[in-house]
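Fold and contact review
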Amino acid sequence: MKDHREIANPSHTREILARHGFTFKKSLGQNFLTEPNILRKIVQTADITEKVNVIEVGPGIGALTEHLAQHANQVLAFEIDDRLIPVLADTLQAYPNVTIKHQDVLQADLVGITKEVFKENLPIKVVANLPYYITTPIMMHFLESNLVVDEMVVMMQKEVADRISAAPGSKAYGSLSIAVQYYMEASLAFIVPKTVFVPQPNVDSAILKLTRRAQPAVAVDDEKAFFKLTKAAFLLRRKTLWNNLLNYYGKDEATKTWLTQALQTVGIDPKRRGETLSLQEFADLSNQLVRTNR
Ligand code: SAM
């Protein structure tokens, strides 16, 4: 008999878990959503329609996947846990537009797989309740891949969402904010209390909405050098920009002169801290360093 209840319904989730004898693996960041209203809100925030293809990371038992499949053209979901593959085959059998890839998303060739799976060339959105232990690597894997993702609506620990969406000058602003905001416009969509998950995580979560910029936020001559500089500037948060730059690039006289001149040319006081520099200032400094041959 067909079961018309949503997967995310708490009693249905318990039944599915019991039927398959599933036990959670903390090491895989398994906290499953059991609140259908939150899932509806996520799909609305991501504005999922039949004109969109979706990539999901970590479908779990398919709670979010089901909602995505009801609105999207196709859904491609990466799940690393082999025990969940037969569960998903069971819970998502009514949705022929879902493809599950049994794979570590960090190892996935995103361009190749999407070409193989998506039948129509539609805008791609990433929608996921991320495994928290690898939130940052997953974000970077998508951003640094050559896959054009129009939007990401992703759940993560609130503290990480705050860091990603932080503005210059705020405590949470750092190299992660810059790495993401370089490619995407970031805004915090809403907070999700820890009580809507099984098992409950220790902290609250947030849904972050990231929209791809038509072009990167700032013009840089050498992206690698730019990201290296932004990492260097935040090595030790309580140190000045000058100290962090010396620690990273070297303390010899030639390096000091090179750094002093570059900072002077772009008008940045070396006594400032990394977190006070805007993306534009980092870009100006990076371009100046690159142009003066380092
Ligand atoms: N989407 C489900 C939900 O909202 O109820 C489950 C989300 S749970 C926070 C994270 C999921 O990511 C788990 O199913 C876990 O097995 C999976 N996962 C963990 N590491 C992964 C990886 N490297 N690649 C793909 N999936 C992964």
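Description of the structure in this document. (Residues numbered from 1 in each chain as written. Predicted model: local features only at pLDDT ≥ 70, side-chain atom pairs only at ≥ 80, totals over all residues. Heavy atoms only, no water.)

Moving on to the overall build of the protein. For the protein, the helix and strand inventory stands at 12 helices and nine strands. The dimensions of the protein, computed from C-alpha atoms along their principal axes, are 75 × 40 × 30 Å. Here the protein holds 294 residues, and the buried ones make up 50% of them. Partitioning the intrachain contacts of the protein with sequence separation of at least 6 by distance along the chain shows that 67% fall at a separation of at least 24. (Helix = DSSP H or I, 4+ residues; strand = E, 2+ residues; numbered from the N terminus. Buried < 20%, exposed > 50% of the residue type's maximum accessible area, 1.4 Å probe, protein only. Contact = heavy atoms within 4.5 Å.)

Considering all chains together, one arrives at 12 aromatic pairs under this definition. Ring geometry for Tyr182 and Tyr183: centres 5.1 Å apart, planes at 80°, overall edge-to-face. Taken as a pair, Tyr182 and Tyr183 share a single burial class, namely buried. Aromatic rings pair up to connect Tyr182, Tyr183, Phe226 and Phe227 into one cluster. A cation over an aromatic ring shows up here: Lys41 above the ring of Phe190, its NZ or CZ 4.3 Å from the ring centre. (Phe/Tyr/Trp six-rings, centres within 6.5 Å; stacked < 30°, edge-to-face > 60°. Lys NZ or Arg CZ within 6 Å of the ring centre and 35° of its normal.)

Nonpolar side chains collect at one region of the surface, where Leu235, Leu236 and Tyr248 lie side by side and expose about 280 Å² of accessible area between them. Mapped onto the fold, Leu236 is located in the loop between α9 (223-233) and α10 (241-249). According to the relative accessible area criterion, Leu236 is partly exposed, its value standing at 41%. (Patch = residues over 30% accessible without salt bridge, like charges linked within 9 Å, V, L, I, M, F, W, Y side chains within 5 Å. Areas by Shrake-Rupley, 256 points an atom, 1.4 Å probe, with all protein chains shown as cover. Salt bridge = Lys/Arg side-chain N within 4 Å of Asp/Glu carboxyl O.)

Read across the open sheet, the seven strands follow the order β4-β3-β2-β5-β6-β9-β7; overall the sheet is mixed. Single-partner strands in this sheet number two, and they are β4 (98-102) and β7 (184-192). Looking at each pair of strands side by side, their axes are set apart by 20° on average, direction ignored. With respect to the sheet, helix α7 (residues 158-165) is in contact with β6 (151-157), β7 and β9 (205-212), its orientation differing from that of β6 by roughly 135°. (Pairing = 2+ DSSP bridges. Axes fitted to C-alpha atoms, helices over the stretch in contact; angles between N-to-C directions.)

This part is about the packing of helix α11 (residues 253-266) against helix α12 (residues 279-291). Between α11 and α12, whose axes approach to 9 Å, the crossing angle comes to 135°. Between α11 and α12, the angle falls in the class oblique. As for how α11 packs across α12, the hand of that crossing is right-handed. Packed against α11, whose contacting residues are Trp258, Leu259, Ala262, Leu263, Thr265 and Val266, the element α12 presents Asp284, Leu285, Gln288 and Leu289 at the interface. In the contact of α11 with α12, the residues fall into seven nonpolar, two polar and one charged. (Parallel < 35°, antiparallel > 145°, perpendicular 65-115°, else oblique. Left-handed = near helix turned anticlockwise from the far one by under 90°. Nonpolar A, V, L, I, M, F, W, Y, C, P; charged D, E, K, R; others polar.)

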